[in-house]
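Residues per chain, in single letters:
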Amino acid sequence: MRTWCNNLSSPTDNFKPIIPELLGEAAFVYVAKANELAKKGFKVISFGVGQPDIPTFPNIVEAGKDALDKRLTGYTETAGIYELREAISNYLNSRYSADVKPTEIIVTPGAKGAIFLAISSYIGPGDEVIVPEPSFPAYSEVTRFMGGKPVFVPLKWLGSEKGFALDTEKIESSITNKTKMIILNNPHNPTGALFPEEEIVKLYEIAKENKIIVLADEIYDNFIYDNLKFKGILSEVDWRDYVLYINGFSKTFSMTGWRLGYLVAKEELVQKLTRYAVNIYSCPTSFAQKAAVTALTSSWDHVKDMVHLFQKRRDLMAKLLSKVPGFEVWPSKGAFYMFPNISRFLEQSKISTEEFVEYLIEKYKVITLPGSCFPDKAGSKYIRFSFASSFEAIEEGVIRIHNAVNELLEK
Ligand SMILES: Cc1ncc(COP(=O)(O)O)c(C=O)c1O
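The structure presented is a predicted model; accordingly, all values stated were derived computationally and were not measured.

**A look at empty space enclosed by the protein**
For step 1, the next point in the chain: Counting across every chain of the model gives two cavities of 30 Å³ or more.
For step 2, the next point in the chain: As a volume, the largest cavity reaches approximately 50 Å³.
For step 3, the next point in the chain: If you trace the largest cavity, you find it lined by Tyr91, Asp221, Asn222, Asn247, Gly248, Phe249, Thr252, Phe253, Tyr262, Leu296 and Trp300.
For step 4, the next point in the chain: Across the lining of the largest cavity, the residue classes tally to six nonpolar, four polar and one charged.

If you want it as structure tokens, here you go:
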């Protein structure tokens, strides 16, 4: 008889996982590294991880505790409690003049859960997904997982005055009869770009003309600086026909560990996704959903204060980093990342981005991420900094980086 134990003692092909080789997410690797060094007693400065350094706002924590006290600890509806979906629709409708109904929303375990549901629902072997790069890794890796092909289109680097832009011409010319989806992440991780309305409209027109889905990840939609205007894709009246929309609680409300995101799509799709999701994870965490209602209904002053503070940190980081020899710095307009171009420094010091990042960790105990961990290759001459760190950490960290650069240039 074939039993589990028999198979274990004599492995067969059945025991070979069919998971393709995927990239991990560097931020998680470097968090572990930072923790390891800190345990050894080093004063580590981390610009690696993509989460606000401010803990979840106290009113949200209280709401979570209250839900636990009331023993809201059982399963909920798979798509999320109605109260939360209603709060999400109110937020989206008031902000984007959209008309999203609660039944057009599915709450997921983190925005990553939503990315997985969205890509895996549409992409199969041979399908192509256009990914402007550098990019958040999940888009290309889930595409690969499904047997699809990410087609990377580099963002245009316009220098330290203008920063990054979508290359809509290249996106258009990369479309083939296999293209099913275009990724639009705005504001953008890792570059900190905020794509202006005309670029979004152009991309949307291209998608419509070619009948391609836009997977719009707007998880940083509250991290916008210099009072710039943000064009949310849900303000397009026909979004239901072309858009899978992703957002979440991790960044805006500093709730990364609560694991709550959401996907907005037309109702029939949400119904299908709900039957898909129930077979994967049943429902999002019950008491976290209650806390998320409070997040959306009574935390906006905290969010405003945090974003205001982040803008000041961005200013400080941009000012200090632009004095580092060979660094070309564009003060980001969105998210909380800065992505300096360090090509000149790399040429002069004759080392690679990865070697530089390793050197910073080993010798100076400063954590940054090499741009090469944001697929595919366009980021290879950049490093990513998160400025969700204190003013002191930014000052001290950039001094250390400055010293490392001087040392490497003198070698
Ligand atoms: C662009 C982007 N989308 C999605 C996510 C995932 O968010 P969550 O923690 O809610 O899964 C992140 C997290 O870094 C991100 O940067």
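**A few points about the environment of lysine 350**
For step 1, the next point in the chain: Mapped onto the fold, lysine 350 is located in the loop between α13 (343-349) and α14 (353-364).
For step 2, the next point in the chain: Its relative accessible area of 71% is what places lysine 350 among the exposed residues.
For step 3, the next point in the chain: Once the C-alpha coordinates of lysine 350 and leucine 22 are considered, the two residues, 328 residues apart in sequence, prove to be 29 Å apart.

**A few points about unusual backbone geometry**
For step 1, the next point in the chain: Across the junction of asparagine 189 and proline 190, the peptide omega takes the value 15°, indicating a cis bond.
For step 2, the next point in the chain: Counting through the fold element by element, proline 190 comes out in the loop between β7 (179-185) and α8 (197-209).
For step 3, the next point in the chain: Put simply, proline 375 and aspartate 376 share a cis peptide bond, and its omega is 10°.
For step 4, the next point in the chain: Positionally, aspartate 376 belongs in the loop between β13 (369-370) and β14 (383-386).
For step 5, the next point in the chain: One non-glycine residue, arginine 71, lies in positive phi territory at about 60°.
For step 6, the next point in the chain: For arginine 71, a relative accessible area of 60% translates into the label exposed.
For step 7, the next point in the chain: Of note in this structure, asparagine 227 is not a glycine but carries a positive phi near 55°.
For step 8, the next point in the chain: Positionally, asparagine 227 belongs in the loop between β8 (213-217) and α9 (239-242).

**Digging into the pairing of strand β2 (residues 105-108)**
For step 1, the next point in the chain: Burial of the side chains of β2 extends over both faces: Ile105 and Val107 are buried on one face and Ile106 and Thr108 on the other.
For step 2, the next point in the chain: Of the strand pairs in this sheet, β2 and strand β10 (residues 261-264) are connected by four bridges, and their pairing is antiparallel. Bridging across to β10, isoleucine 105 finds its partner in valine 264.

**Points about the site of the ligand**
For step 1, the next point in the chain: The full set close to the ligand counts 14 residues, and Ala111, Asp217, Tyr220, Ser250 and Lys251 are the nearest of them.
For step 2, the next point in the chain: One of the side-chain N or O atoms of aspartate 217 is found 2.6 Å from a nitrogen atom in the ligand.
For step 3, the next point in the chain: Lysine 251 is positioned such that a nitrogen or oxygen atom in its side chain is 2.7 Å from an oxygen atom of the ligand.
For step 4, the next point in the chain: When isolated, the ligand has an accessible area of 390 Å², and the protein chains bury 93% of it.
For step 5, the next point in the chain: The cavity that encloses the ligand is the largest pocket.
For step 6, the next point in the chain: Here the residues of the shell around the ligand are counted per class, giving six nonpolar, four polar and four charged.

**Comments concerning the sheet that holds β14**
For step 1, the next point in the chain: Ordered by their spatial adjacency, three strands build an open sheet running β11-β14-β13, and the pairing between neighbours is antiparallel. Of all strands in the sheet, those with a lone pairing partner are β11 (337-338) and β13, marking the two edges.
For step 2, the next point in the chain: Strand direction decides the pairing type here: β11 and β14, joined by two bridges, are antiparallel. Note on β14: the bridge partner recorded for methionine 338 is phenylalanine 385.

**Here's the deal with the domain arrangement of the protein chain**
For step 1, the next point in the chain: As assigned here, the protein chain comprises domain 1 (20-55 + 301-410) and domain 2 (72-298).
For step 2, the next point in the chain: Computed from C-alpha coordinates alone, the two centres of domain 1 and domain 2 are separated by 25 Å.
For step 3, the next point in the chain: The partner domain 2 presents 40 residues to the 39 residues of domain 1 that form the contact.
For step 4, the next point in the chain: Regarding the contact of domain 1 and domain 2, the summed buried area is about 3,300 Å², with carbon and sulfur atoms giving 61% of it.

**Things to note about the packing of aromatic side chains**
For step 1, the next point in the chain: Taken as a whole and judged by the stated rule, the model has 28 aromatic pairs.
For step 2, the next point in the chain: Relative to tyrosine 382, the ring of phenylalanine 164 has its centre 5.6 Å away and its plane inclined at 50°; by these criteria the two rings are tilted. Note that phenylalanine 164 is positioned in strand β6 (residues 164-165) and tyrosine 382 in the loop between β13 and β14, a separation of 218 residues in sequence.
For step 3, the next point in the chain: Connected via pairs of aromatic rings, a cluster forms that spans Trp157, Phe164, Trp330, Phe339, Phe374 and Tyr382.

**Description of the sheet that holds strand β4 (residues 149-154)**
For step 1, the next point in the chain: Across the sheet, which stays open at both edges, the seven strands sit in the order β2-β10-β9-β8-β7-β3-β4 with mixed pairing between neighbours. Looking at the sheet topology across the chains shown, the edges are occupied by β2 and β4. Each neighbouring strand pair of the sheet contributes to a mean axis angle of 20°, computed without reference to strand direction.
For step 2, the next point in the chain: Pairing between strand β3 (residues 128-133) and β7: three bridges, direction parallel. Across the sheet, the residue bridging to valine 129 is methionine 181, located in β7.
For step 3, the next point in the chain: This element, helix α4 (residues 82-96), spans β2, β9 (243-248) and β10 of the sheet and lies at about 115° to β2.

Reading the values: the criteria
Residues numbered from 1 in each chain as written. Predicted model: local features only at pLDDT ≥ 70, side-chain atom pairs only at ≥ 80, totals over all residues. Heavy atoms only, no water. 1 Å grid on protein atoms, 1.4 Å probe; cavity = no way out; pocket = protein on both sides within 12 Å on 5 of 7 lines; lining within 4 Å. Points joined across faces, edges and corners; volume = space filled by probe spheres on them. Nonpolar A, V, L, I, M, F, W, Y, C, P; charged D, E, K, R; others polar. Helix = DSSP H or I, 4+ residues; strand = E, 2+ residues; numbered from the N terminus. Buried < 20%, exposed > 50% of the residue type's maximum accessible area, 1.4 Å probe, protein only. Pairing = 2+ DSSP bridges. Near = heavy atom within 4 Å. Polar contact = N/O pair within 3.5 Å; in protein donor to acceptor, adjacent residues only side chain to side chain. Areas by Shrake-Rupley, 256 points an atom, 1.4 Å probe, with all protein chains shown as cover. Sits in = over half its atoms within 2 Å of the grid points. Domains from an automatic or database assignment. Contact = heavy atoms within 4.5 Å. Buried area = accessible area lost by both parts, 1.4 Å probe. Phe/Tyr/Trp six-rings, centres within 6.5 Å; stacked < 30°, edge-to-face > 60°. Axes fitted to C-alpha atoms, helices over the stretch in contact; angles between N-to-C directions.

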